[in-house]
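So the chains spell out like this:
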Amino acid sequence: MHRAHTAFSLALSPMAHKNFATWLLKSSSSQQMAKVTAAAAVRTYNSAAAEPFANGSTASYVEEMYNAWLRDPTSVHTSWDAYFRSNSYVSPPNLAPVQANTLPLTAFNFGGAVAGAAPDSKTIDDHLAVQAIIRSYQIRGHNIAHLDPLEINTPELPGNSSTKSIYANFSFGEQDMDRQFKLPSTTFIGGDEASLPLKEILNRLENVYCNKIGVEFMFINSLEQCNWIRKRFETPGVLNFSPEEKRLILARLTRATGFEAFLAKKYSSEKRFGLEGCEIMIPALKEIIDVSTELGVESVIMGMPHRGRLNTLANVCRKPLNQIFTQFAGLEAADDGSGDVKYHLGTYIERLNRVTNKNIRLAVVANPSHLEAVDPVVQGKTRAEQFYRGDQEGKKVMSILIHGDAAFCGQGVVYETMHLSDLPDYTTHGTIHVVANNQIGFTTDPRFSRSSPYCTDVARVVNAPIFHVNADDPEAVMHVCKVAAEWRATFHKDCVIDLVGYRRNGHNEIDEPMFTQPLMYQKIRKHKNCLDLYADKLIAEGTVTAEEVKSVAAKYENICEEAFALAKTETHVKYKDWLDSPWSGFFEGKDPLKVAPTGVKEETLIHIGNRFSSPPPNAAEFVIHKGLLRVLAARKAMVDEKVADWALGEAMAFGSLLKEGIHVRLSGQDVERGTFSHRHHVLHHQLVDKATYNSLQHMYPDQAPYSVSNSSLSEYAVLGFEHGYSMTNPNALVLWEAQFGDFSNTAQSIIDQFISSGQSKWVRQSGLVMLLPHGMEGMGPEHSSCRVERFLQMSSDDPDYFPPESDEFGVRQLHDINWIVANCSTPANYYHILRRQIALPFRKPLILCTPKSLLRHPEAKSPFSEMSEGSEFQRIIPDNGPAGQNPSNVKKVVFCSGRVYYDLTKTRREKQLEGEIAIVRVEQISPFPFDLVKEQANLYKNAELVWAQEEHKNQGSWTYVQPRFLTALNHSRDVSQSDEQSSSTNTTTTTDHTNHESDTDSDSKSKPWLSRMFAAPNSSTGGDPKDPAQTLGGDFNAAKHFDLKNVRHDFNRPAGIAAAPGARIAKTGRKISYVGRACGASTATGSKAQHIRELNALLNDAIST
Ligand SMILES: Cc1ncc(C[n+]2csc(CCOP(=O)(O)OP(=O)(O)O)c2C)c(N)n1
Ligand SMILES: [Mg+2]
């Protein structure tokens, strides 16, 4: 182990000093005594003072003496007499739980002293020294424990690194070793004994703290928790295993080792990221699961990286081995999903735990290559599962996170995730972290990859105990796992198991480790594997015979061979076998193109509005801030006028979904009030601390739960968490709001690896909404833009392909795209798009640019009629003014998106160009509303077309919309016959593309759309026609679980249809020009003055004829 020099500098606190007692005797200073009592008082907050010496037996000893002195001042030593006479003594608070070992020293007969007489000062000194030694072992024993199976990384300690250095500061000689010492209440090494000879005390401590387990826990603030841990490790006999238990460990280790060996034999040239050197991780996980199941857990959600993943799936989850082996066969997928992902796919298994005879659900969450990115996702999924099961204390659902040593300390998201662990709305009530610590990260040694002594130090920030254990000692590992599971079940807090092993091969099996770690690998080559070591031990002690060991191994190899043969008969892999969160019943019987209405009855809007604008029912006692009373009054006035601003529109969406039984969860920094102080979902009593009222939780008696939670100041972990939460149940609206849109870039890996690509990689749908405040308002250099261009760049619709037109054009596009990007300009459209997330028969993430100043803009209001029955989300909002009414007069159409619309209309009004310039809002940017853009362009046949945006030219939507506009403008079909002819004469590009397009469209007319969309796999991929996942032809065949029939990517551009060859001028001769800022490096526009200048220039350019 790599350890910092400082770790062992024995920085004993003044109170732990061996001379403490002498000093106490000599001192008459009340100041010094006050220090002692103060230390006792702060013990629950300060770990260093967690066990001051004026506590436990010492405290009671002093107190005893004090009482005796009160009765008879001559009964104590003169120094005590003097001290007590000085009135310095204050009885210390006795916080230690009463234990067996709290008898006063005087109760013992030490070395011939008369029983019942006061011990002399040496006896006191020596007892204090022994107490200090015990404490020293508890604090520092792990520093010199034998944790490294290779024994290479010995501690870098100053001076003596032997166990004696733990008590080097105390002068006991050989002659003291047989002396009997009373044990303090802070140790359990005595078992039933109240005192032990010093030799035995040291032996026992060494065994407990410096052997194959290193327990790091004395930094924990809670004395109860420290004692709990001490008891689990110190009590004599805790490491005794029965022969049955030992056989079980051996059998499990045989499987774990056999699995790696089998893969190595069959797939020698494949990367496996094997577990060799840390195979004990498999029995370890099983032990954690067994004990947790015994203690009531029914569902375990795991997140893990590449190393040992297949072994975990095989031997922990018991995923059929043939399914795992088919992943190696390089088979085509029978269904959608991406290629080489065997180290990333998830799984979900429900099975009987044979050891506990209880049913258990195990899920391994699909993960990307990005190490540790899956951590918060697992936590969110776990939290959601707890929520839906009503498991408020986490007794039934738990998470296990498995980490590599280098990643655990290197990746910041680990820290961010740890910090969620105790937050009321994010806790999963304790996670067990298992570090597969092979003491290397790829080719990098720990001393170059971390500055902390251990790779696990990050866990100390949340007071999680850390159990380091030598991975070559299976029984020690099992004990640690049992304690970890019990810890979680008792305290519902995180803990860490640091399995210190090694990596027998290179980073993968093809890598040569001797290039970079020659000495380590020389040692590894000579090192017997853990299974052999353990088998030898059990044979030697007579628990098993050599034959038994062989036969268990042979049996498992047979199982593998049979599965291997079965795997050979498979012709395809099926990604549906690898779903981590199947949505039972969600897709069942659903028309995949039917969107439920998003408008609701006006009376519902009024009811929600009234509730949302009312103080709590006990208003008389609940003192609301005056400013908020004004906000509520303004809301009430709006409801009376039947109009909604942004906050009210949002509340209408949430409230109506809650009414329909849809759980809504909004999370992010300061979301309860809203960064821009517009939301105010939680009203705070101005006179009573923590008394709050949330009207959205009280809309209807039988409504679904609403949760709005201010998060920690993290984007990466919190967005990942909400993504995980959204995976669990499709019938929930889960929203994450960035404080400012641009801050989402610190969560980029969640966006890139999970949200934009989760469905295509892992067949994982999610309806997560990202609310990203966006708008160039001169507010500050970094707060202008949510970088919508980045989201658009990752949208999967083809810019050059105009999909077949039909009534369901909009929903088909949504079905096939990876996510939706929108920038709504009205509260009604915001309301509809949120409700549409649930109304859709599938789930897509929604990236929503949200306003800042528009939140209070007098014109950014919507009448209830735009939200009530019959209304719906408008992908494009046409110009409904004079221009739209008389389109032939229009000279210019300005297309735009978001808040700039209001600046444009204002300028148009000022310039009195309302009849000549039409302003059309593109509210849903992606998937691009080709059909509606085409319709608008055709409406204003003779007008010039421009795209106006306030973002810089290389940012915003321009680069995304430009080619799509051209495709839309180019698409002349379905315009009148004469239009089509005239447009074809204007063609400036090859007609090849037109032909293809015609083919498709005629195809589209001759076949039902669904037949094309869900066409059977082509013959080259084959497939079992009996497999319901593959019988995609004809009408949609709804699946029980979400699977691939719901995920087709051909609508946006069917395979085999050539894209337009990059035409930038439409063959119709029409084009679209850009109006706005020039290219820029920053999202900002410099000073406010510059911002205004630039904005005016763009408005003038856009609004001119
Ligand atoms: C975020 C991230 N950065 C870099 C990598 C490349 N990478 C893959 S494995 C690895 C080493 C991981 O070491 P460790 O966490 O100790 O796990 P081990 O492979 O030793 O089990 C690295 C750097 C990655 N996958 N993810
Ligand atoms: Mg490692």
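Here is what the cut-offs are and how they apply
- Residues numbered from 1 in each chain as written.
- Chains lettered and ligands numbered in written order.
- Predicted model: local features only at pLDDT ≥ 70, side-chain atom pairs only at ≥ 80, totals over all residues.
- Heavy atoms only, no water.
- UniProt positions renumbered as here; feature names shortened; annotations may be inferred.
- Pairing = 2+ DSSP bridges.
- Helix = DSSP H or I, 4+ residues; strand = E, 2+ residues; numbered from the N terminus.
- Axes fitted to C-alpha atoms, helices over the stretch in contact; angles between N-to-C directions.
- Salt bridge = Lys/Arg side-chain N within 4 Å of Asp/Glu carboxyl O.
- Buried < 20%, exposed > 50% of the residue type's maximum accessible area, 1.4 Å probe, protein only.
- Donors = N, O, S within 2.8 Å, 3.2 Å for Na, K, Ca; no water.

The name an unreviewed UniProt entry gives the chain is 2-oxoglutarate dehydrogenase, mitochondrial, with Drosophila melanogaster as the organism. UniProt lists a comment for the chain under the heading Sequence similarities (unreviewed entry), and it reads "Belongs to the alpha-ketoglutarate dehydrogenase family." UniProt, in its Function (unreviewed entry) section for the chain, records the words "The 2-oxoglutarate dehydrogenase complex catalyzes the overall conversion of 2-oxoglutarate to succinyl-CoA and CO(2). It contains multiple copies of three enzymatic components: 2-oxoglutarate dehydrogenase (E1), dihydrolipoamide succinyltransferase (E2) and lipoamide dehydrogenase (E3)."

Student: Just give me the short version of the sheet that holds strand β12 (residues 663-668), but keep the residues and values in it.
Tutor: In space, the 7 strands of this open sheet follow the order β15-β12-β16-β17-β19-β18-β24, with mixed pairing throughout. Each end of this open sheet is capped by a strand with a single partner; those strands are β15 (706-710) and β24 (924-926). In this sheet, adjacent strand axes meet at a mean angle of 20° when their direction is disregarded. Examined bridge by bridge, strand β18 (residues 820-823) and strand β19 (residues 846-850) share 4 bridges and lie parallel to one another. When the sheet's bridge partners are listed, isoleucine 820 is paired in β19 with leucine 846.

Student: Describe the pattern of salt bridges, naming the residues involved and giving the relevant values.
Tutor: The full count for this structure, using the stated rule, is 45 salt bridges. Where glutamate 200 meets arginine 204, a salt bridge forms, and the shortest distance between an N and an O atom there is 2.7 Å. In this pair, glutamate 200 and arginine 204 are both assigned in helix α6 (residues 198-209), 4 residues apart and thus about one turn of the helix distant. Overall, glutamate 200 belongs to the partly exposed group, its relative accessible area being 28%. The exposure class of arginine 204 is partly exposed, given its relative accessible area of 22%. The partner of aspartate 536 in a salt bridge is lysine 528, with the nearest N and O atoms 2.6 Å apart. A single salt-bridge network, built from bridges that share partners, covers Lys122, Asp126, Asp176 and Arg179.

Student: Let's hear about unusual backbone geometry: which residues, and what values?
Tutor: With an omega of 0°, the peptide bond between serine 926 and proline 927 qualifies as cis. In this fold, proline 927 is placed in the loop between β24 and α31 (930-939). Positioned with a positive phi, lysine 642 is a non-glycine residue whose angle comes to about 60°. Summarising the element assignment, lysine 642 is placed in the loop between α21 (626-641) and β11 (643-644). For lysine 690, which is not glycine, the phi dihedral falls at a positive 65°. Its place among the elements puts lysine 690 in the loop between β13 (683-684) and β14 (692-693). A residue is classified by how much of its surface remains accessible, and lysine 690, at 71% relative accessible area, is exposed.

Student: I'd like a description of the coordination of the magnesium ion (ligand 2), backed by residues and values.
Tutor: Angles between donor atoms at a metal ideally measure 109.5 degrees for a four-coordinate tetrahedral arrangement and either 90 or 180 degrees for a six-coordinate octahedral one. Around the magnesium ion (ligand 2), the protein contributes the donor atoms Asp405 (OD), Asn438 (OD1) and Ile440 (O), at 2.0 Å from the metal centre. By relative accessible area, which is 3% here, aspartate 405 ends up buried. We classify isoleucine 440 as buried; its relative accessible area is 4%.

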